[in-house]
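Spelled out, the chains give:
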Amino acid sequence: MSPTRPYVLVLYYSRSGATRTLAEQVAAGVEEIAGVDARLRTVPPVSTTCEAVAPDIPSEGAVYATLEDLRQCDGLALGSPTRFGNMAAPLKYFLDGTSELWLNGALIDKPATAFTSTASLHGGQEATLLTMLIPMLHQGMVYAGVPYSESGLVNTSSGGTPYGTSHVAGERSDRSVDDIERTLARAQGRRLARLAMALRPLREEK
Ligand SMILES: Cc1cc2nc3c(=O)[nH]c(=O)nc-3n(C[C@H](O)[C@H](O)[C@H](O)COP(=O)(O)O)c2cc1C
């Protein structure tokens with residue numbers, strides 16, 4: 001059983017800020033549910049230069065995630081910019097370091113979801129979200145997307161998919177998260193938080 005208040009880990013990577021904005025909205029949705037907190041964390045960039053070392057604390061934004069943040073969470077929202085239809089390497093690098101959690105079944109029966117940002121409308125959001133789901137399934141997590149009871153899914157002309165929320169940032173990353181994208185991100189956070197609380201007793205049975 002977790003020694004802290006129940007929390008959803010909102011774990012993201014963002015270089016130019018779009019995925020971070022979406023992460024903040026998902027976290028705000030989580031916080032709307034009584035009894036559960038949102039814990040915003042990021043991961044450091046990876047470098048092709050072997051000697052490059054990032055400071056322990058980033059100069060701005062969320063602090064870096066630890067394995068403990070992930071081990072103790074009651075749910076996980078994973079956010080990444082789309083890179084060639086897949087998650088960004090820094091996030092994948094972090095996930096590749098979670099073998100110990102997998103060996104111990106630490107994430108089994110915890111709900112998870114994903115969100116992404118692209119430059120272009122048809123630039124691979126859904127492919128990214130679906131590929132982000134794969135490591136979570138290997139960890140035994142229960143994937144939750146965004147249901148069509150959210151009217152934004154049919155009304156959007158920008159981001160928003162049933163596989164997870166998304167944002168179209170534009171070629172110059174200058175397009176703000178719009179109302180529908182924000183509403184969907186918040187709904188996704190709320191749903192994940194509710195599921196996190198609902199699945200807690202199931203995990204405590206073990
Ligand atoms: C290496 C690389 C690959 C990318 N691949 C795609 C892509 O496949 N489709 C797309 O629409 N945008 C692509 N982009 C653009 C980013 O997904 C987009 O700018 C995103 O909003 C960045 O999110 P951030 O502001 O959180 O860093 C790519 C960017 C980089 C640097």
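Residues numbered from 1 in each chain as written. Predicted model: local features only at pLDDT ≥ 70, side-chain atom pairs only at ≥ 80, totals over all residues.

Looking at an unreviewed UniProt entry, one finds the protein chain named NAD(P)H dehydrogenase (Quinone) and attributed to Modicisalibacter xianhensis. In UniProt, the protein chain has this text filed under Cofactor (unreviewed entry): "FMN". As stated in UniProt under Sequence similarities (unreviewed entry), the record for the protein chain gives "Belongs to the WrbA family." (UniProt positions renumbered as here; feature names shortened; annotations may be inferred.)

Participant: What exactly am I supposed to notice about the overall build of the protein chain here?
Facilitator: Counting its secondary structure elements, the protein chain contains seven helices and six strands. Going from the N terminus to the C terminus, the protein chain shows its helices and strands as β-α-β-α-β-α-α-β-α-β-α-β-α. Rg of the C-alpha trace for the protein chain: 16 Å, near the compact-globule value of 17 Å for 206 residues, within the 12% margin. Considering only C-alpha atoms, the protein chain reaches an extent of 50 × 45 × 30 Å along its principal axes. The buried share among the 206 residues of the protein chain stands at 42%. (Helix = DSSP H or I, 4+ residues; strand = E, 2+ residues; numbered from the N terminus. Rg over C-alpha atoms; globule rule 2.2 N^0.38 Å. Buried ≥ 20, exposed ≤ 12 C-beta atoms within 10 Å, placed from the backbone.)

Participant: Whenever I open this one, the site of the ligand confuses me. Can you help?
Facilitator: Ser14, Thr19, Pro81, Thr118 and Gly123 are the nearest of the 20 residues found near the ligand. For the shell around the ligand, the elements supplying multiple residues, two or more each, are α1 (18-31) and β4 (111-118). (Near = placed C-beta within 6 Å.)

Participant: Explanation requested: the nonpolar core in the structure shown.
Facilitator: Generally speaking, a soluble globular protein has its nonpolar side chains buried in company with each other. With 48 residues, the main nonpolar core has Val8, Val10, Val26, Val30, Leu76 and Ala77 as its most contacted residues. Of the residues forming this core, the biggest block, seven residues, is contributed by helix α7 (residues 179-204). Each residue touching Ala77, except ones within four places of it in the same chain, is listed here: Val8, Val10, Val26, Thr113, Phe115, Gly189 and Leu192. (Core = buried A, V, L, I, M, F, W, Y, C linked by C-beta atoms within 7 Å. Contact = placed C-beta atoms within 7 Å.)

Participant: What's the story with helix α5 (residues 125-138) in this structure? I'm lost.
Facilitator: Residues lying three or four places apart along an α-helix face the same way, a consequence of the helix completing one turn every 3.6 residues. Where α5 is concerned, the buried positions are Gln125, Thr128, Leu129, Met132 and Met136. All buried residues of α5 lie within an arc of 95° about the axis, which places them on one face of the element. In this structure, α5 carries Ile134, Leu137 and His138 as exposed residues pointing more than 90 degrees from its buried face. The elements touched by buried residues of α5 are β3 (75-81), β4, β5 (142-143) and β6 (165-168). Where α5 terminates, the next one or two residues include Gly140, which has phi positive at roughly 85°. (Arc of directions from axis to C-beta.)

Participant: I'm lost on α7 in this one. Help?
Facilitator: When the terminal C-alpha atoms of α7 are compared, their 38 Å separation across 26 residues agrees well with the 38 Å that a helix rising 1.5 Å per residue should span. The sharpest bend along α7 reaches about 30° and sits at Ala198, with the proline Pro201 one to four residues further on. (Expected span 1.5 Å × (residues − 1). Bend = angle between axes of the 7 residues up to and from the residue.)

Participant: Hey, could you run me through the pairing of β3 in this one?
Facilitator: Moving residue by residue along a regular strand, the side chains alternate between the two faces of the sheet. Burial within β3 is extensive, with seven of its seven residues counted as buried. Residues of β3 alternate between two faces, with Gly75, Ala77, Gly79 and Pro81 on one and Leu76, Leu78 and Ser80 on the opposite face, all of them buried. One ladder, built from five bridges, connects strand β1 (residues 7-12) with β3; its direction is parallel. Bridge pairing in β3 links Val8 to Gly75. Bridging between β3 and β4 involves six bridges; their strand directions are parallel. Its bridge partner being in β4, Ala77 is matched across the sheet by Thr113. (Pairing = 2+ DSSP bridges.)

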